[in-house]
Amino acid sequence: MTNADDIWRDVFVTGLKNAHAVENQALALMDRQIDRARNFTEVADRLKAHRLETEGQIVRLETLLSGFDEKPSGLKDAALSLGGNLAALGHSFAEDEILKNALANYAFENFEAASYRALILLAESGGYAEAYDPLRATLEEEVRMARWVDESLPMLVEKHLELRRAGQDASR
């Protein structure tokens, strides 16, 4: 018979592995967007900064997983990384690629923030005190990025329209 502590641990570790895979997906998405944001340097610069944060988030997750004698799921990491590349590729054909990316980024960053909120709740309920600070740090980074995406949307829309009116490439 499995006891409640084992179930709690399993759910928490699965959540950490899922978060690790999502962060790898985020790297793939950001890499494609950074490469293509030629006319939107402010977006590329912010994505580069968040990419560095994401690399740190991955390290935090790996450290937490190792504390449970666990490793990230290579299969989940590969699948979501591929998914990130395919999602970015799908937007690359659109005349408003930059806007589609912004909308997708808003949803993605808020999804990540919600995931970390849930992990913090699991850590608190499971008594995994060592996870509080790393998870809260990551949550703050994701909330800050979601806020930036939200606040930058009016600028992106206006710049996209200005470039289109000038006959320039406004998609990226």
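Residues numbered from 1 in each chain as written. Predicted model: local features only at pLDDT ≥ 70, side-chain atom pairs only at ≥ 80, totals over all residues. Heavy atoms only, no water.

Caption draft 1: Quick look at the side chain of Gln57. With respect to the helices and strands, the residue Gln57 is situated in helix 2 (residues 41–67). Once residues within four sequence positions are removed from consideration, Gln57 is found in contact with Glu23, His50, Thr138, Glu141 and Glu142. (Helix = DSSP H or I, 4+ residues; strand = E, 2+ residues; numbered from the N terminus. Contact = heavy atoms within 4.5 Å.)

Caption draft 2: Region of interest: the pattern of salt bridges. All told, the structure shown has 12 salt bridges when counted by the stated rule. Where Arg136 meets Glu124, a salt bridge forms, and the shortest distance between an N and an O atom there is 2.8 Å. Pair noted here: Arg136 is in helix 5 (residues 132–165) and Glu124 is in helix 4 (residues 97–126), with a separation of 12 residues, a long-range link. The partly exposed category is assigned to Arg136, whose relative accessible area is 33%. Using a relative accessible area of 35% as the deciding quantity, one classes Glu124 as partly exposed. (Salt bridge = Lys/Arg side-chain N within 4 Å of Asp/Glu carboxyl O. Buried < 20%, exposed > 50% of the residue type's maximum accessible area, 1.4 Å probe, protein only.)

Caption draft 3: Broad picture of the confidence of the model for the protein. Of all residues in the protein, 83% attain a pLDDT of 70 or more, and the chain-wide mean is 87. No element of the protein has a lower mean pLDDT than helix 3 (residues 74–91), at 52, and none a higher one than helix 2, at 97. (pLDDT = per-residue confidence, 0-100.)

Caption draft 4: How the structure looks around the side chain of Glu23. Its place among the elements puts Glu23 in helix 1 (residues 4–36). For the buried Glu23, which has no salt bridge, the nearest side chain bearing the opposite charge is Arg60, at an N-O separation of 7.9 Å. Here Tyr116 takes part through its side chain, which lies 2.7 Å from a polar atom of the side chain of Glu23. Look past the residues within four positions of Glu23 in its chain and what remains in contact with it is Thr54, Gln57, Ile58, Leu61, Glu112, Tyr116, Thr138 and Glu142. (Lys, Arg positive; Asp, Glu negative; His and termini not counted. Polar contact = N/O pair within 3.5 Å; in protein donor to acceptor, adjacent residues only side chain to side chain.)

Caption draft 5: Structural detail: the environment of Leu65. Along the chain, Leu65 turns up in helix 2. Placed 49 residues apart in sequence, Leu65 and Leu16 show a C-alpha to C-alpha distance of 6.9 Å. With residues up to four places along the chain from it excluded, the contact list for Leu65 reads Val13, Leu16, Lys17, Glu70, Lys71 and Pro72.

Caption draft 6: Seen up close, the packing of aromatic side chains. A full pass over the atoms with the stated rule returns 3 aromatic pairs. The interplanar angle of 65° and the centroid separation of 5.7 Å between the aromatic rings of Phe12 and Phe68 together place this pair among those described as edge-to-face. One end of the pair, Phe12, is in helix 1; the other, Phe68, is in the loop between helix 2 and helix 3, with 56 residues separating them in the sequence. Using a relative accessible area of 10% as the deciding quantity, one classes Phe68 as buried. (Phe/Tyr/Trp six-rings, centres within 6.5 Å; stacked < 30°, edge-to-face > 60°.)

Caption draft 7: Structural detail: the packing of helix 2 against helix 5. Interhelical geometry of helix 2 versus helix 5 gives an angle of 160° and a closest axis separation of 11 Å. Taken together, the axes of helix 2 and helix 5 lie roughly antiparallel to each other. Between helix 2 and helix 5 lies a crossing whose hand is left-handed. Contact with helix 2, carried on its side by Glu42, Val43, Arg46, Leu47, His50, Glu53, Gln57, Arg60 and Leu64, involves Pro134, Leu135, Ala137, Thr138, Glu141, Glu142, Arg144, Met145, Trp148, Met155, Leu156 and Lys159 of helix 5 and no other residues of that element. Partitioning the contact of helix 2 with helix 5 into residue classes produces 10 nonpolar, 3 polar and 8 charged. (Axes fitted to C-alpha atoms, helices over the stretch in contact; angles between N-to-C directions. Parallel < 35°, antiparallel > 145°, perpendicular 65-115°, else oblique. Left-handed = near helix turned anticlockwise from the far one by under 90°. Nonpolar A, V, L, I, M, F, W, Y, C, P; charged D, E, K, R; others polar.)

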